[in-house]
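# Analysis of the macromolecular model
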Amino acid sequence: MSATHDDAPVAARVRHVEALLEQRGWLAAGEIDERIDALAAGGSPAHGAAIAARAWLAAGFRAQLLADANTAIGELGYSMAGGLQEQQLTVVANEEDEHHVVVCTLCSCYPIALLGPSPGWYKSEAYRSRVVREPRAVLRDFGVELPGTTRITVWDASAESRYMVLPRRPPGTEDLDEAALAGLVTRKGLIGTALV
């Protein structure tokens, strides 16, 4: 088996551009790696779960989260400013008749700061291409069976824009506090490939 990877030419070009930016003084040596490491180290699905739990309990926070997610998550101490520039976060809420799912069809853009490193399946070509063409079938593969009347919206992330799904609050959780509610939320639920 060959030790080369299909993305080797792209990786070489990225390293070349990084070297040029360092030579011109626009980046310190190793700055990109340091920022990526800091972003990955600080990211956790627990952050997204805490945001969802707060939105389930506080109608005002939920409204702000859906209108201006970057500002809303800042109130909880989270930020989308881990890379070279702040990414725009959009949070979309699942409803009884509408389900959202997130993908990045070009690569694996994803809100690492709120969900931790992206899962392998999210980066796979199979997921990235199929979820756009046949989202209901892909969700079924993840064990999510939605009524035929439920509209499915697929959100395509980019270098500038990230998406997170606000799952529906599970029934029978009225007596749970914020920490217990956060414990119910999964990373798949925040991507849309699970109900919670």
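Details of the structure are given in the entry above.
First, a word on what this report is: a plain description of the structure on this page. Owing to the predicted nature of the structure, the values given are computational and were not obtained by experimental measurement.

### Comments concerning the overall build of the chain
- Helix and strand counts for the chain come out as eleven helices and four strands.
- Here the analysis covers contacts within the chain between residues at least 6 apart in sequence; of these, 68% occur between residues at least 24 apart.
- Summed over its atoms, the accessible surface of the chain is roughly 10700 Å², and 54% of this surface lies on carbon and sulfur atoms.

### Structural notes on the nonpolar core
- Residues L65 and L114 are the most contacted members of the largest nonpolar core, which totals 44 residues.
- It is helix 3 (residues 45-57) that provides the largest number of residues to this core, a total of six residues.
- When residues no more than four places from it in sequence are discounted, the contact partners of L114 are S44, P45, H47, G48, I51, I73, Y78, M80, L89 and M164.

### So, the side chain of N94
- Summarising the element assignment, N94 is placed in the loop between strand 1 (88-93) and strand 2 (98-103).
- Classification of N94 by relative accessible area gives buried; the value is 5%.
- A polar contact of 3.3 Å, which involves the side chain of N94, links it to the side chain of H99.
- If we skip the residues at most four places from it in the chain, N94 touches H99, H100, V165, L166, P167 and R168.

### Considering the state of the cysteines
- All told, the structure shown has zero disulfides when counted by the stated rule.
- Summary of cysteine pairing: C107 is not part of a disulfide, and the nearest cysteine sulfur, belonging to C109, is at 3.6 Å.
- Residue classification places C107 among the partly exposed positions, given a relative accessible area of 36%.

### Observations regarding the packing of aromatic side chains
- Tallied over the full model, the rule gives seven aromatic pairs.
- Chaining the aromatic ring pairs together yields one cluster made of Y110, W121, Y122, Y127 and F142.

About the cut-offs
Residues numbered from 1 in each chain as written. Predicted model: local features only at pLDDT ≥ 70, side-chain atom pairs only at ≥ 80, totals over all residues. Heavy atoms only, no water. Helix = DSSP H or I, 4+ residues; strand = E, 2+ residues; numbered from the N terminus. Contact = heavy atoms within 4.5 Å. Areas by Shrake-Rupley, 256 points an atom, 1.4 Å probe, with all protein chains shown as cover. Core = buried A, V, L, I, M, F, W, Y, C linked by side-chain atoms within 4.5 Å. Buried < 20%, exposed > 50% of the residue type's maximum accessible area, 1.4 Å probe, protein only. Polar contact = N/O pair within 3.5 Å; in protein donor to acceptor, adjacent residues only side chain to side chain. Disulfide = S-S within 2.5 Å. Phe/Tyr/Trp six-rings, centres within 6.5 Å; stacked < 30°, edge-to-face > 60°.

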